[in-house]
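# Structural overview
If you want the building blocks of each chain, they are given just below.
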Amino acid sequence: MSTTSYTNSSLLLRDGARLHYRDAGRGPALILIHGWGASGAFFERQMALAARGFRLIVPDQRGHGASRDADHALTIALLAADLRELIAHLQLSGFSLLGWSMGAMVAWEYLRGHGMTGLRTLSVIDMTAKIVTDADWAHGLSGGYPAALVAATADTVRSNWPRLAQVSAAKLFARGADPDPALLRQFTALMRANAAEGLAQLWTDMARQDYRAFLPELGERCQYIYGKESRLYKEETFIHLARMTGTTRLAGLAGAGHIPQWEQPEAFAAALCGHLADSRAATDPGTQTRP
């Protein structure tokens, strides 16, 4: 585990919910947005990037980790609004976003709805623009995921989340390899701690999303990092997404599945930092430190 020191902070949101986040380092701001059913703890191996001259901001999204909320219906748009409040609260005039899995949808929703002012880069980690598959879209969840299955998935989350959390945790790891039992137990416990109802709401809303038309607005500001052995998506999906986006920034990590930031942290850091460094050299809009 990382030994990087960080500050645990929280933000009282507009509707009374509280968003918890970690804040570490000084330099250009990088906001790391975790995936469905996870928490900021799934970026533990990236906290060392604070020593490389970055300011890392790692929220537990609403309904995950320490940011519990049983009072509001959870949607991707709500999480994107929370991200907007966090950016405003921290007074960030320039920042990069990293969205892993569902976190990429939150980033896309934020940028599509609130604009790209201040955005340096976006890094999309093992996520597609539309998870549901149909006759015109084969690049959703691997093996096919028709809209007819969405309600049943949400029902299973509500009725048997402890079991599904273990299954979901196992699917994070690279295809063809058995996950470390201790790590699988750790991830399962972190996921089980999240409330099933909020996760079911988010899964249903995530399945409604389609960001394909938005992707070309990002261009070279966007990079895709994916696991070559992902159990959730095929390599062809990311090649296709990069073409749709108009970016050459594509990094497939061997020996990694849906959580490449954990399975291949050094290769992941190299791909990420290369993108951030290229953007900084091209624009150099200054750095962000704690106010």
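An account of the accompanying structure is given in this report. Just so it is clear, the model here is predicted, and its values are computed rather than measured.

## Remarks on the sheet that holds strand β8 (residues 250–253)
Spatial ordering of the open sheet is given by β1-β2-β4-β3-β5-β6-β7-β8, a layout of eight strands whose pairing is mixed. Bordering the open sheet on either side are β1 (7–12) and β8, each of which pairs with just one other strand. With strand direction ignored, the average angle separating the axes of adjacent strands in the sheet is 20 degrees. Judged from the six bridges that link them, β1 and strand β2 (residues 18–24) form a sheet pairing that is antiparallel. In the strand pairing of β2, Asn8 is matched with Arg22.

## Let's talk about the packing of aromatic side chains
Applying the stated criterion across every chain, the model contains 12 aromatic pairs. Where Phe187 meets Trp262, the ring centres are 5.1 Å apart and the plane angle is 80 degrees; that geometry is what we call edge-to-face. Here Phe187 is found in helix α4 (residues 181–192), whereas its partner Trp262 is found in helix α7 (residues 260–263), with 75 residues between them in sequence. Classification of Phe187 as buried rests on a relative accessible area of 0%. Clustering of aromatic rings is evident, with ring pairs tying together Phe42, Phe43, Trp100, Phe173, Phe187 and Trp262. In this structure, Arg22 packs its charged tip against the face of Tyr6, placed 4.8 Å from the ring centre. The ring of Trp137 carries Arg212 above its face, with NZ or CZ at 4.7 Å from the centroid.

## Observations concerning the pairing of strand β3 (residues 29–33)
Summarising burial for β3: five of the five residues are buried, a large majority. As paired strands, β3 and strand β4 (residues 55–60) are joined by three bridges and run parallel to one another. Paired with Ile31 across the bridge in β4 is Ile57. Of the strand pairs in this sheet, β3 and strand β5 (residues 95–100) are connected by five bridges, and their pairing is parallel. Bridged to Leu32 within β5 is Leu98.

About the thresholds
Residues numbered from 1 in each chain as written. Predicted model: local features only at pLDDT ≥ 70, side-chain atom pairs only at ≥ 80, totals over all residues. Heavy atoms only, no water. Pairing = 2+ DSSP bridges. Helix = DSSP H or I, 4+ residues; strand = E, 2+ residues; numbered from the N terminus. Axes fitted to C-alpha atoms, helices over the stretch in contact; angles between N-to-C directions. Phe/Tyr/Trp six-rings, centres within 6.5 Å; stacked < 30°, edge-to-face > 60°. Buried < 20%, exposed > 50% of the residue type's maximum accessible area, 1.4 Å probe, protein only. Lys NZ or Arg CZ within 6 Å of the ring centre and 35° of its normal.

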